[in-house]
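Fold and contact review
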Amino acid sequence: MRVVCPGSFDPVTMGHLDVFERAARQFERVTVLVTHNPNKQGMFTVEERMQLIEQAAADLDNVDVDSWSGLLVDYTTNHGVSVLVKGLRSGLDYEYELPMAQMNHRMTGLDTFFLLTDPKYGYISSTLSKEVARYGGDTSGILPPNVVEALNKKLA
């Protein structure tokens, strides 16, 4: 079964990578889908995010990366995908994700599997990681090494 892990991944964190790895152990094929919201300006372009994920997940043979800027259910319908995988750090993530999961299911029958984040990554977010880096903090261990390097270059 092929599943999709959607998100903005601006940038991908070790928490995201953990979810990709765990999903890859459970499902035949995992597509990490970099979604684009035209109303938001990311630090990295969609293409840069895709490249960073491909590099960070290079050892995961059954993981590929794609992008999409429309309704998620349109992507999943067009690609014959019936399951999403989303990572949850806390109850706040659940409160945010639940209505979207229910709407997706109502629209097309798309199911969402929630993976609880490994506690060692529960505090990590892309936004917080960028903030730490902006002020010269150490992001090693919370971002993959290639992302740390790319983020530091962006901020230089």
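Residues numbered from 1 in each chain as written. Predicted model: local features only at pLDDT ≥ 70, side-chain atom pairs only at ≥ 80, totals over all residues. Heavy atoms only, no water.

Another point: the overall build of the protein. For the protein, the count of helices and strands is 6 helices and 5 strands. Along its sequence from the N terminus, the protein presents helices and strands in the succession β-α-β-α-β-α-β-α-β-α-α. Taken over C-alpha atoms, the radius of gyration comes to 15 Å for the protein, in line with the 15 Å a tight globule of 156 residues would show. Taken over the C-alpha atoms alone, the protein extends approximately 45 × 35 × 30 Å along its principal axes. For the protein, the residues scored as buried account for 45% of the 156 residues in total. Long-range pairs, those at least 24 residues apart, make up 74% of the contacts in the protein with a sequence separation of at least 6. Accessible surface computed for the protein: about 8,600 Å², of which carbon and sulfur atoms make up 51%. (Helix = DSSP H or I, 4+ residues; strand = E, 2+ residues; numbered from the N terminus. Rg over C-alpha atoms; globule rule 2.2 N^0.38 Å. Buried < 20%, exposed > 50% of the residue type's maximum accessible area, 1.4 Å probe, protein only. Contact = heavy atoms within 4.5 Å. Areas by Shrake-Rupley, 256 points an atom, 1.4 Å probe, with all protein chains shown as cover.)

Right, let's get into the UniProt feature "binding site: substrate" (unreviewed entry) in the protein. The positions UniProt marks with the feature "binding site: substrate" (unreviewed entry) are Ser8, Lys40, Leu72 and Lys86. Within the annotated group, the residues that form the lining of the largest pocket are Ser8, Lys40, Leu72 and Lys86. With respect to the helices and strands, the residue Ser8 is situated in the loop between strand 1 (2–7) and helix 1 (14–26). We classify Ser8 as partly exposed; its relative accessible area is 41%. When sequence neighbours within four positions are dropped, the list of residues in contact with Ser8 reads Val34, Thr35 and Arg49. (UniProt positions renumbered as here; feature names shortened; annotations may be inferred. 1 Å grid on protein atoms, 1.4 Å probe; cavity = no way out; pocket = protein on both sides within 12 Å on 5 of 7 lines; lining within 4 Å.)

UniProt's feature table lists "site: Transition state stabilizer" (unreviewed entry) at His16, given in the numbering used throughout. Looking at His16, the relative accessible area reads 21%, which means it is partly exposed. Not counting residues up to four positions away in its chain, the partners in contact with His16 are Phe9, Pro11 and Ser126.

As a further point, take the pairing of strand 3 (residues 63–68). Across 6 bridges, strand 2 (residues 29–35) lies against strand 3 in parallel orientation. In the strand pairing of strand 3, Val32 is matched with Val65. (Pairing = 2+ DSSP bridges.)

The subject of this paragraph is the packing of aromatic side chains. If you walk through the whole model with that rule in mind, you get 4 aromatic pairs. Taking the centre distance of 5.3 Å and the plane angle of 70° together, the rings of Trp68 and Tyr75 count as edge-to-face. You can call Trp68 partly exposed: its relative accessible area is 24%. With relative accessibility at 1%, the residue Tyr75 sits in the buried group. (Phe/Tyr/Trp six-rings, centres within 6.5 Å; stacked < 30°, edge-to-face > 60°.)

Among the residues of helix 5 (residues 126–134), Ser126, Ser129, Lys130 and Ala133 are the ones counted as buried. End-on, the buried residues of helix 5 take up no more than an arc of 100°, which puts them together on one face. Where helix 5 is buried, its residues contact helix 1 and helix 6 (145–155). Two residues or fewer after helix 5 comes Gly136, characterised by a positive phi angle close to 85°. (Arc of directions from axis to C-beta.)

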